[in-house]
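Letter by letter, the chains look like this.
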Amino acid sequence: MARKTLLLTTALGLGWAASAQAQTEIGMWYHGAGNEVESAIITRIVDDFNAGQSDWMVTLESFPQNSYNDSVVAGALAGNLPCILDVDGPVMPNWAWSGYMQPLAIDASLIEGYLPGTLGYWDGELYSVGLWDAAVALYARQSDLDAWGLRTPTLAEPWTQEEFMAALDAARADGRYEYALDLGMAWTGEWYPYAFSPFLQSFGGDIIDRETYTSADGVLNGDAALAFGEWWQMLFAEGYAPGTSQDPADRDSGFNEGKYAFAWNGNWAAVPTLGAVEDVVFLPAPDFGNGPTIGAGSWQFGVSATCETPEGANAFIAHALQDEYLAAFSDGIGLIPSTPGAAAMTENYAEGGPLEVFFGLSAEQALVRPVTPGYVVAAQVFEAALANIANGADVADELDAAVDAIEADIERNQGYGHDG
Amino acid sequence: MAMVSAENRGLRLAVRYAVLTLVAIIFIFPLLFMVMSSLKPQAQLLADTSSLRAFLPVGDISLQNYTDAFRRAPVVTFMINSVLVTGITVLLSLAVCSLAAFSFAFLEWKGRGVILSVILATLIIPFETIAIPLLLMVSQLPWIGWNGLEFGWLNTYRVQIIPWVADGLTIFLFVQYFRDLPRELIEAARVEGATWFQVYWRVVMPLAGPVIATAAILKFLVMYNQYLWPLIVVQQESVRPVMVGLGYFFQLNTAWGEVMAYLTVITLPVLAFYLVLQRAFIASIASTGVKG
């Protein structure tokens, strides 16, 4: 009996070991270190995948978000990228062009109905797909709008520039607020192009000419861009909004504490505001003449170019694209789920949910940032130009200098693969 | 006349102490802000930043931020990694650089002046300029480990230690100090039959306490504050040091209290190390005129 038990135990042990060995290991890098909720969800997805099939074993390594991109670039140089990467949407074309990534090979039916900003295309091929998107809205108090006799704008009928400025004037005249508008100038980096280039686009300009992606001349320094620049500078010169010296603490809590009448902020900040400002409303971007626009494209999954088992990496990504997981991320960290089905499963984005409006914003107003490898540099140039203009620099000179810098970078990189 | 002089001396002393107190306050306040903020909840911390309350343990004080910080990140792992990497590098650096400096200061060999100049010239090269070539090199270097010969040093302690063992500043500090030692001591030891290594070990190093302390503290600070290098050569959490770990706390809505708690905890080894060596460090600054 003891001998039989021993044999059975040995057989089971060997069987388990064989099964474990049969799974080919696939590395995965993720940007969410330090975020407990996010880490728990991604770990659950990985564990479910590993337990649900016997071919692949995904091993997860998490990085702090603020240094993730540097780690990936260093990993690419050193030749030790894992199979599965996550990548910030606007950065993806750069990594694809640099040869860090390969196109995804997942069934097209899996991404049907996905918000446009969650799909990362480069050179006509799908390179990345996101489980969520983010959106920006104009935070306001319904009681203020009513008191000042302002129309509540809708997706179908957003404020015009005149209506928007009238709202800021009303807020300033009210006298209860330190500033009429908080644009979040304290948040440097990607926030500037993500949050503010939509204003430029709504004026009729852009960071780069999207027809060719080889020039910024005429779009970043044309008449529309100049009009945007003058308007942008006026917001600070006339005291509508705090400038680049804004205290980050005020950015984090100023609207909730009643320092600002309006705030231009993302959906990720909406949940705390719902608790702090009883009658908060999230308004769509104003239309400055060329249609209302907000930024799109958040973190997405992709496969590294050096991955020797892309079928396993693609299998994992396909596995992750389940509404159940999309909803879990949304409920966990407040982001906008990529599909209507997943949105319906969430607390905040389901029909009648407090943040439902953000799903509509992503679906209706979102425009991805320029899809070009050169965006990484152009974004930094744009950020510097906007900060300088806010600080009083000559608008035309700044925009001309920005165009020169962006075009010089494009030239240095032989057009980044665009024909021109 | 004597009374006037005494009054002048008193006044001068008062001014001196006032200035010293002011300087001390300027240096101590950031630390005080860090520690006090680590004890406050987020809302209170942000509200207090605009007043002197930021430097006082007032309001809703607790250790909750510390609990949360330890839950958010493997703080103990990061600290062990940093202390281990820093400690080993400091020890190896003291040994290697002092031996090199001994050679430059006391041994007669052709070309030593040129080589020392080249080593000192490396002081003006920013690390950022060699980071990528170094990364490419260490990613291919061989190593004989438990599994035999392997290639690539990434994700190890050695990749954080070995490239930092020898450096121009530490060699320079030792050379300067050794050159000021009385030559008679060396010559007497040599006349009595001591080998060069015995001179180094039994004569020179016992006299080098202050410069050892200075070099150790400067190296400790450089190594403990490493960010760029571990960022690009270490991808595994298990070997990640404290400064890269700081990134765990910067989320979309940063919990500043936890940031301050983490900073307070990781500052402790630096303070402890300095306190242990401060007498020798100050003595060395006084004698070499070098400070960190």
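Residues numbered from 1 in each chain as written. Chains lettered and ligands numbered in written order. Predicted model: local features only at pLDDT ≥ 70, side-chain atom pairs only at ≥ 80, totals over all residues. Heavy atoms only, no water.

## Quick word on the overall build of chain B
At step 1: When helices and strands are counted, chain B shows 14 helices and two strands.
At step 2: Over its C-alpha atoms, taken along the principal directions, chain B stretches across nearly 80 × 70 × 30 Å.
At step 3: Taken across its 292 residues, chain B has 41% of its residues classed as buried.
At step 4: A separation of at least 24 residues holds for 69% of the contacts in chain B among residues at least 6 apart in sequence.
At step 5: Chain B carries 18 positive and 14 negative side-chain charges, and their two centres are separated by 4 Å. (Helix = DSSP H or I, 4+ residues; strand = E, 2+ residues; numbered from the N terminus. Buried < 20%, exposed > 50% of the residue type's maximum accessible area, 1.4 Å probe, protein only. Contact = heavy atoms within 4.5 Å. Lys, Arg positive; Asp, Glu negative; His and termini not counted. Charge placed at Lys NZ, Arg CZ, Asp CG, Glu CD.)

## Digging into the overall build of chain A
At step 1: Scanning chain A for helices and strands turns up 16 helices and 15 strands.
At step 2: Over its C-alpha atoms chain A spans a radius of gyration of 24 Å, differing by no more than 12% from the 22 Å that the globule rule assigns to 420 residues.
At step 3: With the C-alpha coordinates of chain A rotated into their principal frame, the extents come out at 90 × 50 × 35 Å.
At step 4: Taken across its 420 residues, chain A has 57% of its residues classed as buried. (Rg over C-alpha atoms; globule rule 2.2 N^0.38 Å.)

## Concerning the domain arrangement of chain A
Residue and element names in this part refer to chain A.
At step 1: We note that the domain assignment places domain 1 (25-134 + 297-368) and domain 2 (136-293 + 374-417) within chain A.
At step 2: Summarising the inter-unit geometry, the C-alpha centres of domain 1 and domain 2 are found 27 Å apart.
At step 3: In this assembly, 21 residues from domain 1 lie in contact with 24 residues from domain 2.
At step 4: Summed over both sides, the interface of domain 1 with domain 2 buries roughly 1,800 Å², with 68% coming from carbon and sulfur.
At step 5: It is Trp97, Phe358 and Gln365 in domain 1 that bury the most area against domain 2; as a group they hold 33% of the surface buried on that side. (Domains from an automatic or database assignment. Buried area = accessible area lost by both parts, 1.4 Å probe.)

## Let's talk about the interface of chain A and chain B
At step 1: In this assembly, 21 residues from chain A lie in contact with 24 residues from chain B.
At step 2: Summed over the shared surface of chain A and chain B, the number is one salt bridge.
At step 3: Close ionic contact of arginine 71 of chain B with glutamate 36 of chain A constitutes a salt bridge, the shortest N to O distance being 3.2 Å.
At step 4: Taken together, the links from chain A to chain B amount to seven residue pairs in polar contact (both at pLDDT 80 or more).
At step 5: No other element matches the seven residues that helix α3 (residues 65-78) of chain A contributes to the side of chain A that touches chain B.
At step 6: Partitioning the side of chain A that touches chain B into residue classes produces nine nonpolar, eight polar and four charged. (Salt bridge = Lys/Arg side-chain N within 4 Å of Asp/Glu carboxyl O. Polar contact = N/O pair within 3.5 Å; in protein donor to acceptor, adjacent residues only side chain to side chain. Nonpolar A, V, L, I, M, F, W, Y, C, P; charged D, E, K, R; others polar.)

## Side note on unusual backbone geometry
All names here are of chain A.
At step 1: Here the phi dihedral of tyrosine 213 falls at roughly 60°; this positive angle occurs in a residue that is not glycine.
At step 2: Secondary-structure assignment places tyrosine 213 in the loop between α7 (191-203) and α8 (223-237).
At step 3: Residue tyrosine 213 is classed as buried on the basis of its relative accessible area of 13%.
At step 4: Backbone geometry at tyrosine 416 places phi at a positive 50°, although glycine is not the residue there.
At step 5: Looking at the element boundaries, tyrosine 416 is found in the segment after α16 (395-412).

## Considering the domain arrangement of chain B
All names here are of chain B.
At step 1: Assigned domains within chain B: domain 1 (1-62) and domain 2 (75-288).
At step 2: Here the C-alpha centre of domain 2 lies 34 Å away from the C-alpha centre of domain 1.
At step 3: Contacts between the two partners involve nine residues from domain 1, matched on the other side by nine residues from domain 2.
At step 4: Carbon and sulfur atoms make up 74% of the area that domain 1 and domain 2 hide from each other, which totals about 650 Å².
At step 5: Broken down residue by residue, the surface that domain 1 buries against domain 2 is led by Met34, Ser38 and Gln42, which jointly contribute 61%.
At step 6: Our enumeration of links across domain 1 and domain 2 arrives at zero salt bridges.

## Examining the nonpolar core
At step 1: Ranked by internal contacts, the top residues of the largest apolar core, which has 137 residues, are Leu183, Phe196, Trp232, Phe262, Trp264 and Phe358 of chain A.
At step 2: Element by element, the count of residues in this core is highest for helix α15 (residues 375-390) of chain A, at ten residues.
At step 3: Inspection of this core shows a minimum of three residues originating in each of domain 1 (25-134 + 297-368) and domain 2 (136-293 + 374-417) of chain A.
At step 4: Other than its neighbours up to four places away in sequence, tryptophan 232 of chain A contacts Leu183, Met185, Phe196, Phe199, Leu386, Ile389 and Ala390 of chain A.
At step 5: Grouped together as the second largest cluster of nonpolar side chains are 50 residues, Ala101, Ala105, Tyr177 and Val259 of chain B included. (Core = buried A, V, L, I, M, F, W, Y, C linked by side-chain atoms within 4.5 Å.)

## Regarding the packing of aromatic side chains
At step 1: Using the criterion set out here, one finds 58 aromatic pairs over all chains in the structure.
At step 2: Measuring from centroid to centroid gives 5.1 Å for tyrosine 192 of chain A and phenylalanine 196 of chain A, while their planes differ by 70°, and the two rings are edge-to-face. Note that tyrosine 192 of chain A and phenylalanine 196 of chain A are positioned in helix α7 at a spacing of four residues, about one turn of the helix.
At step 3: Since its relative accessible area comes to 2%, tyrosine 192 of chain A is described here as buried.
At step 4: With centroids separated by 5.5 Å and ring planes inclined at 85°, the aromatic side chains of tryptophan 143 of chain B and tryptophan 153 of chain B adopt a geometry described as edge-to-face. Highlighted residues: tryptophan 143 of chain B in strand β1 (residues 142-145) and tryptophan 153 of chain B in the loop between β2 (148-151) and α7 (158-161), separated in sequence by ten residues.
At step 5: For tryptophan 143 of chain B, a relative accessible area of 31% corresponds to the partly exposed category.
At step 6: Lying across the ring of tryptophan 187 of chain A, arginine 251 of chain A places its NZ or CZ 4.2 Å from the centre. (Phe/Tyr/Trp six-rings, centres within 6.5 Å; stacked < 30°, edge-to-face > 60°. Lys NZ or Arg CZ within 6 Å of the ring centre and 35° of its normal.)

## Observations concerning a negative patch on the surface
Residue and element names in this part refer to chain A.
At step 1: Side chains of Asp217, Glu230, Asp394, Asp397, Asp400 and Asp404 sit close together on the surface and give a patch of like negative charge.
At step 2: With three residues, the single largest contributor to the negative patch is α16.
At step 3: Classification of glutamate 230 as partly exposed rests on a relative accessible area of 47%. (Patch = residues over 30% accessible without salt bridge, like charges linked within 9 Å, V, L, I, M, F, W, Y side chains within 5 Å. Areas by Shrake-Rupley, 256 points an atom, 1.4 Å probe, with all protein chains shown as cover.)

## Looking at the environment of tryptophan 95 of chain A
At step 1: Relative to the helices and strands, tryptophan 95 of chain A is located in helix α4 (residues 92-97).
At step 2: Judged by its relative accessible area of 2%, tryptophan 95 of chain A is buried.

## Some thoughts on the packing of α8 of chain A against α15 of chain A
Residues and elements named next belong to chain A.
At step 1: The geometry of α8 relative to α15 is characterised by a closest axis approach of 8 Å and an angle of 50° between their N-to-C directions. Taken as axis vectors, α8 and α15 run oblique relative to one another. Note on element contacts: α15 touches α8 through Leu386, Ile389 and Ala390, opposite Phe228, Gly229, Trp232, Gln233 and Phe236.
At step 2: Of the residues contributing to the contact of α8 with α15, the split by class is six nonpolar, two polar and no charged. (Axes fitted to C-alpha atoms, helices over the stretch in contact; angles between N-to-C directions. Parallel < 35°, antiparallel > 145°, perpendicular 65-115°, else oblique.)

## Overview of the state of the cysteines
Residue and element names in this part refer to chain A.
At step 1: This structure, assessed with the given rule, holds one disulfide over all chains.
At step 2: A sulfur-sulfur distance of 1.9 Å marks the disulfide that ties cysteine 83 to cysteine 307. On the sign convention where negative is left-handed, the bridge of cysteine 83 and cysteine 307, at about 85° about the S-S bond, is right-handed. Note that cysteine 83 is positioned in the loop between α3 and β3 (84-88) and cysteine 307 in the loop between β13 (299-304) and α11 (310-320), a separation of 224 residues in sequence. When sorted by exposure, cysteine 83 lands in the same class as cysteine 307, which is buried. (Disulfide = S-S within 2.5 Å.)

## Examining the pairing of strand β6 (residues 125-129) of chain A
Residues and elements named next belong to chain A.
At step 1: The buried fraction of β6 is high, at four of five residues.
At step 2: As paired strands, strand β5 (residues 119-122) and β6 are joined by four bridges and run antiparallel to one another. Among the inter-strand pairings, tyrosine 121 is bridged to a residue of β6, identified as leucine 126.
At step 3: Counting the residues in the hairpin turn of β5 and β6 gives two residues, including aspartate 123, whose phi is positive at 55°. (Pairing = 2+ DSSP bridges.)

## Overview of empty space enclosed by the protein
Regions of empty space are outlined by a rolling probe, equal in size to a water molecule, passed over the atoms.
At step 1: On inspection of all chains with the given rule, the structure shows two cavities of 30 Å³ or more.
At step 2: As a volume, the largest cavity reaches approximately 60 Å³.
At step 3: In terms of lining residues, the largest cavity is bounded by Asn81, Ser82, Val85, Thr86, Gln160, Met223, Gln226, Trp229, Pro230 and Pro241 of chain B.
At step 4: At the level of elements, α4 (75-106) and α12 (228-233) of chain B are the ones that each hand at least two residues to the lining of the largest cavity.
At step 5: Looking at the lining of the largest cavity element by element, the count peaks at four residues for α4 of chain B.
At step 6: Its residues placed into classes, the lining of the largest cavity shows five nonpolar, five polar and no charged.
At step 7: Every residue lining the second largest cavity is listed: Tyr30, Asp86, Val129, Gly130, Leu131, Trp132, Trp299, Gln300 and Phe301 of chain A.
At step 8: Residues of the lining of the second largest cavity, tallied by class, amount to six nonpolar, two polar and one charged. (1 Å grid on protein atoms, 1.4 Å probe; cavity = no way out; pocket = protein on both sides within 12 Å on 5 of 7 lines; lining within 4 Å. Points joined across faces, edges and corners; volume = space filled by probe spheres on them.)

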